[in-house]
Amino acid sequence: MGRRSERLSRQGALAGDAGEGDVIQVVSRAFDVLRCFEGHEARLGNLEISNRCGLPRSTVSRLTHTLTRMGQLVYLPRDQKYRIGPSAVAMSASMMKGAQLRSMIRQRLQEVAEQLPGTVGFVVPDRFHLVYLQFARSPSALGLHEGTGSRISMASTAAGAAYTAALAPEVGDAFINDMEREAPEAVKILRPRIEGNRQSLRERGYVTACGLWSPHINGLAVPIWSPQYQTFVVVTIGLLSAMYDEERLHAEVAPLMLALGRSLGSLMDGAEGDAFNNRISRKPVAISVHNNNKPMSSEGVNELEAGTRRARPARSLRAGDGRR
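These remarks concern the structure in this document. (Residues numbered from 1 in each chain as written. Predicted model: local features only at pLDDT ≥ 70, side-chain atom pairs only at ≥ 80, totals over all residues. Heavy atoms only, no water.)

## Things to note about the pairing of strand β7 (residues 217-226)
Burial of β7 is extensive: 10 of the 10 residues sit out of reach of the surface. Both faces of β7 are covered, namely the face carrying Ile217, Gly219, Ala221, Pro223 and Trp225 and the face carrying Asn218, Leu220, Val222, Ile224 and Ser226. In this sheet, β7 lies alongside strand β6 (residues 207-210) in antiparallel orientation, the contact comprising four bridges. Residue pairing for β7: Val207 is matched across the bridge by Ala221. Counted between consecutive antiparallel strands, the loop separating β6 from β7 contains six residues, among which Gly211 sits at a positive phi close to 65°. Pairing of β7 with strand β8 (residues 231-240), which is carried by 10 bridges, proceeds in the antiparallel orientation. Bridged to Gly219 within β8 is Gly238. Turn length for the β7-β8 hairpin, with the two strands adjacent in sequence and antiparallel, is four residues, and the turn residue Gln230 shows positive phi of about 55°. (Buried < 20%, exposed > 50% of the residue type's maximum accessible area, 1.4 Å probe, protein only. Helix = DSSP H or I, 4+ residues; strand = E, 2+ residues; numbered from the N terminus. Pairing = 2+ DSSP bridges.)

## A look at the packing of aromatic side chains
Applying the stated criterion across every chain, the model contains four aromatic pairs. Taken together, a centroid distance of 6.0 Å and an interplanar angle of 75° make the contact between Tyr163 and Phe175 edge-to-face. Of this pair, Tyr163 sits in helix α7 (residues 158-166) while Phe175 sits in helix α8 (residues 169-182); the two residues are 12 residues apart in sequence, bridging distant segments of the chain. For Tyr163, a relative accessible area of 0% translates into the label buried. By way of ring pairs, the aromatic residues Phe128, Tyr163 and Phe175 are connected into one cluster. (Phe/Tyr/Trp six-rings, centres within 6.5 Å; stacked < 30°, edge-to-face > 60°.)

## Things to note about helix α4 (residues 57-69)
End to end, α4 covers 18 Å across 13 residues, agreeing with the expected 18 Å (1.5 Å per residue, within 8%). Burial in α4 covers these residues: Thr59, Val60, Ser61, Leu63, Thr64, His65, Leu67 and Thr68. Positioned one or two residues after α4, Gly71 has a phi angle of 85°, which is positive. (Expected span 1.5 Å × (residues − 1).)

## Quick notes on the nonpolar core
Counting residues in each nonpolar core, the largest one holds 32 residues, and the members touching the most others are Val123, Leu130, Tyr163, Phe175, Met179 and Val234. Counting only elements with at least two residues in this core, the list comes to β4 (129-137), α7, α8, α9 (184-190), α10 (194-204), β6, β7 and β8. Here the element with the most residues in this core is α7; it accounts for seven residues. If we ignore the near neighbours within four places in the chain, the residues touching Val234 are Gly121, Phe122, Val123, Ala159, Ala162, Tyr163, Ala221, Val222 and Pro223. (Core = buried A, V, L, I, M, F, W, Y, C linked by side-chain atoms within 4.5 Å. Contact = heavy atoms within 4.5 Å.)

## Points about the environment of Gln199
Counting through the fold element by element, Gln199 comes out in helix α10. Gln199 gets classed as partly exposed once you look at its relative accessible area, which sits at 38%. In this structure, the C-alpha to C-alpha distance between Gln199 and Ala165, residues 34 residues apart in sequence, is 8.4 Å.

In structure tokens, the structure reads:
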């Protein structure tokens, strides 16, 4: 039992299960289908889902049929498409309780966004991508339009660089090997940079990515261990490269983001047992800053369609579950 618990914890740190022999494939595929729906309003047909997941349309048809029966999806006869169903929304809501904690996280992000003309995000890993759980944006931010629920690249963003660098080396290397099977082009970007990212994290506590996602955007990110999710989450910021070159990232942005990481890390450490009971202290955590100026023909028709988804330096963390 203990060994299995350790293995599950390790899987959580990996945020990917492609290499695990005890994973039930149909469950993994069902979640792959649900991941295709990036928002409650997304509408997708079996062909679109098949293209996004890389699964045969016949397999997708069976999965969407089952997920619809379970309430995880809803079938729209007029459009011959699916959208996220009430059970998925309810499950998401129940897992995201603790509105007070989320509000406090967003408040901390906003404090930074008021100092810097960029988009500040709190992201969590979702297999080979990351998803924004909270964000804040400066009124003067240009070129960045991510919002809550947006998925971003693991390979070409500062957030992805920080997340993979924070994993213990053997866990991070296994994660990249798993990613290579599904996203080989992404690995071509990430693998050559992993050692440099790890060194940056060890020496500075953060990782930068300049012009990688876009030639016009420079990013900086700080990973934080989350007791709630048992994996690393990341706070990240994207800024126009014309305004913030790499030197300015280190000199002006890094101190503020490191302070944000410590602030959110303290919130999550204290909220692990209290977040769902509304007992989190409202006392603000000081952040020392200075001002700086995205009718069809039916495909693979199934039965339903015919009838009518405290910031700590990584080096100080335990290795047993992917931490260092």
